[in-house]
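# Coordinates in review
Spelled out from the first residue to the last, the chains are:
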Amino acid sequence: MEQLQGQIEEIDRQLTGEIGRIKSAVRSEYEAARSAESMLGLRLAELKAQLLDLQGRSIQYNIIKREVDTNRELYDGLLQRYKEIGVAGGITANNISVVDRARAPTSRFSPNLGRSLLLGLFAGLAAGIFLALLFEHLDDTIKSPEDVEQKFGLAVLGVIPRLLRGSPLEALKDPRSPFSESYRSVRTALQFSTEAGVPRTLFVTSSAPGEGKSTTALTLALHFAQLGKRVLLIDADLRNPTIHQALRVPNTGGLSNYLSGASRPLKFLHPTQVKNLACLCSGPLPPNPAELLAGARLVTLLRLAAASFDQVIIDGPPMLGIADAAILSNLAGGTVLVIEAGSTRLGYARGVLRRLNAARARVLGVVMTKLDPRRGGAVYGYGGYNYYAYGGRPQLEAPRARRA
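Cut-offs used in this document
- Residues numbered from 1 in each chain as written.
- Predicted model: local features only at pLDDT ≥ 70, side-chain atom pairs only at ≥ 80, totals over all residues.
- Heavy atoms only, no water.
- Helix = DSSP H or I, 4+ residues; strand = E, 2+ residues; numbered from the N terminus.
- Buried < 20%, exposed > 50% of the residue type's maximum accessible area, 1.4 Å probe, protein only.
- Contact = heavy atoms within 4.5 Å.
- Areas by Shrake-Rupley, 256 points an atom, 1.4 Å probe, with all protein chains shown as cover.
- Pairing = 2+ DSSP bridges.
- Axes fitted to C-alpha atoms, helices over the stretch in contact; angles between N-to-C directions.
- Arc of directions from axis to C-beta.
- pLDDT = per-residue confidence, 0-100.
- Right-handed = clockwise from strand over helix to strand, strands pointing away.
- Salt bridge = Lys/Arg side-chain N within 4 Å of Asp/Glu carboxyl O.
- Core = buried A, V, L, I, M, F, W, Y, C linked by side-chain atoms within 4.5 Å.

### Side note on the overall build of the protein
Within the protein one finds 13 helices and 8 strands. For the protein, buried positions account for 36% of its 404 residues. Within the protein, counting contacts between residues at least 6 apart in sequence, those at least 24 apart form 77% of the total. Accessible surface, the protein: about 25700 Å² in total, of which carbon and sulfur atoms supply 57%.

### Considerations on the sheet that holds strand 3 (residues 231-235)
Pairing between sheet strands relies on hydrogen bonds along the backbone, with the strands arranged either parallel or antiparallel. Ordered in space as 1-8-7-2-6-3-5-4, the 8 strands form an open sheet in which the pairing is mixed. Taken across any chain shown, the strands that pair with only one partner, and hence form the sheet edges, are strand 1 (156-161) and strand 4 (269-271). Within this sheet the neighbouring strands show an average axis-to-axis angle of 25 degrees, counted without direction. Relative to strand 5 (residues 277-280), strand 3 runs parallel, the two sharing 4 bridges. What sits directly across from Val 231, in strand 5, is Leu 277. Sheet strands in contact with helix 10 (residues 296-308) are strand 2 (201-206), strand 3, strand 5 and strand 6 (311-315), and its direction is about 140 degrees off that of strand 6.

### Here we look at helix 3 (residues 145-152)
All buried positions along helix 3 are accounted for by Pro 145, Asp 147, Val 148 and Phe 152. Looking down the long axis of helix 3, one finds its buried residues gathered within 160 degrees of arc, a one-sided arrangement. Among the structural elements, strand 1, helix 12 (346-358) and strand 8 (363-371) are those in contact with the buried residues of helix 3.

### Examining the confidence of the model for the protein
Summarising the model, the protein shows a mean pLDDT of 83, and 89% of its residues fall at 70 or more. Looking at the elements of the protein, mean pLDDT is at its lowest for helix 13 (residues 373-376), recorded as 58, and at its highest for strand 6, recorded as 94. pLDDT under 50 marks residues 376-404. Its contacts with residues more than four places away, or in other chains, come to 54 contacts.

### Remarks on the pairing of strand 8
Within strand 8, 7 of the 9 residues are buried, which leaves the element mostly enclosed by the surrounding structure. Taken together, the 4 bridges between strand 1 and strand 8 define a ladder with parallel strand orientation. Across the sheet, Val 159 pairs through a bridge with Met 368, a residue of strand 8. Where strand 7 (residues 334-340) lies against strand 8, 6 bridges are found, and the strand directions are parallel. In the strand pairing of strand 8, Thr 335 is matched with Val 363. Taken together, strand 7, helix 12 and strand 8 form a β-α-β motif whose crossover is right-handed.

### Points about the pattern of salt bridges
Proximity of charged atoms lets side chains of opposite charge pair with each other. Scanning all chains against the criterion turns up 13 salt bridges. Measuring nitrogen to oxygen at the nearest pair gives 2.0 Å for the salt bridge that ties Glu 10 to Arg 13. Here Arg 13 and Glu 10 lie together in helix 1 (residues 2-90), a separation of 3 residues that amounts to about one turn. Relative accessible area serves as the criterion here: at 33%, Glu 10 is assigned to the partly exposed category. When the shortest N-O distance is used, the salt bridge between Asp 237 and Lys 213 registers 4.0 Å. Taken together, the residues span a long stretch of sequence, with Asp 237 in the loop between strand 3 and helix 7 (243-247) and Lys 213 in helix 6 (residues 213-226) at a distance of 24 residues.

### Brief notes about the nonpolar core
Ranked by size, the top nonpolar core spans 42 residues in total, and within it Ile 142, Val 148, Phe 152, Leu 232, Leu 255, Leu 259 and Leu 298 carry the most contacts. Element by element, the count of residues in this core is highest for helix 12, at 5 residues. Contact partners of Leu 259, with chain neighbours within four places excluded, come to Leu 238, Leu 292, Leu 293, Arg 297 and Leu 298. Residues Leu 163, Leu 202, Leu 218 and Val 367 belong to the second largest nonpolar core, which totals 32 residues.

As structure tokens, this is what we get:
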């Protein structure tokens, strides 16, 4: 009973506490509701005041609007009246006066023939100068030896004039012709290109086909043979050989046979009609020229040729596009670069020099071929090949050279 009594008392205490909490919660909700009601009342009062103020402003706006409409109507009426008065007053007034009497012209005003001709002359002159400057800017070919010296820093060994008629071999038959003299000056320049004279093995190349590379190699060989030197001309262009055609020797066997291991060194050596000049033709065209030239047999051949001859001249292929010329330039003691005047571009020449430098070639200088003195301007040493009077008829129609 005491336990039950204690439980009853405990339950009563819990009920009393729960009832107190409920009362507190209800009181709090009541207070919150009273606060919300007070705030809503204040907000309602504010809205009523704003509504009354808006109604008062609306009344004032309508009054002002009616005044504006009235003033606009009065302004339109006054403006219309002012215009009517101005029109009525302008009917009697006259502000026109005679400035100059109109007379019939005694001569035509346009077209003016003299002025039109003068304007056309100046316009044509300006257009011609502009086009000339434009073409000069777009033309990036090498035109003169000064371009080689200034833009590449290479020595110009000689300048070969353009033949106006006949072939190079026909021009070489006359030792006093300007063509022969120009190549003779190249030979002299090569003799002073190094401290020891002309390198024993000389490689001749160009940037592209048709620039006079083979003609230069053949002509140099002929001129060195005229000095009494034993000269060997090797046609190392295993893609498009031409030396055998110029010398009229058979090309049944030659360099390609030796490089492929099918013959002994210098087996296919051909004597020529020129004293002290021998030729080693290219032989049959191989399918892999670069691989043959890169072998050790070419080094042996050049060493044997240098020991047997006083001068070895190698006619190689062009530099751009193939690797044959880079191999030959590395093996030769000196390299001569042939550039055609007015045809070889600066970009091509720079590419050739980069490849030669990469191959560690010893570039002796540049031979400029096919120079037309009538275009480049004849100066003594480059275009004035008729400065000295030689016997016979000149083969070049070069203009009169200026004295240095």
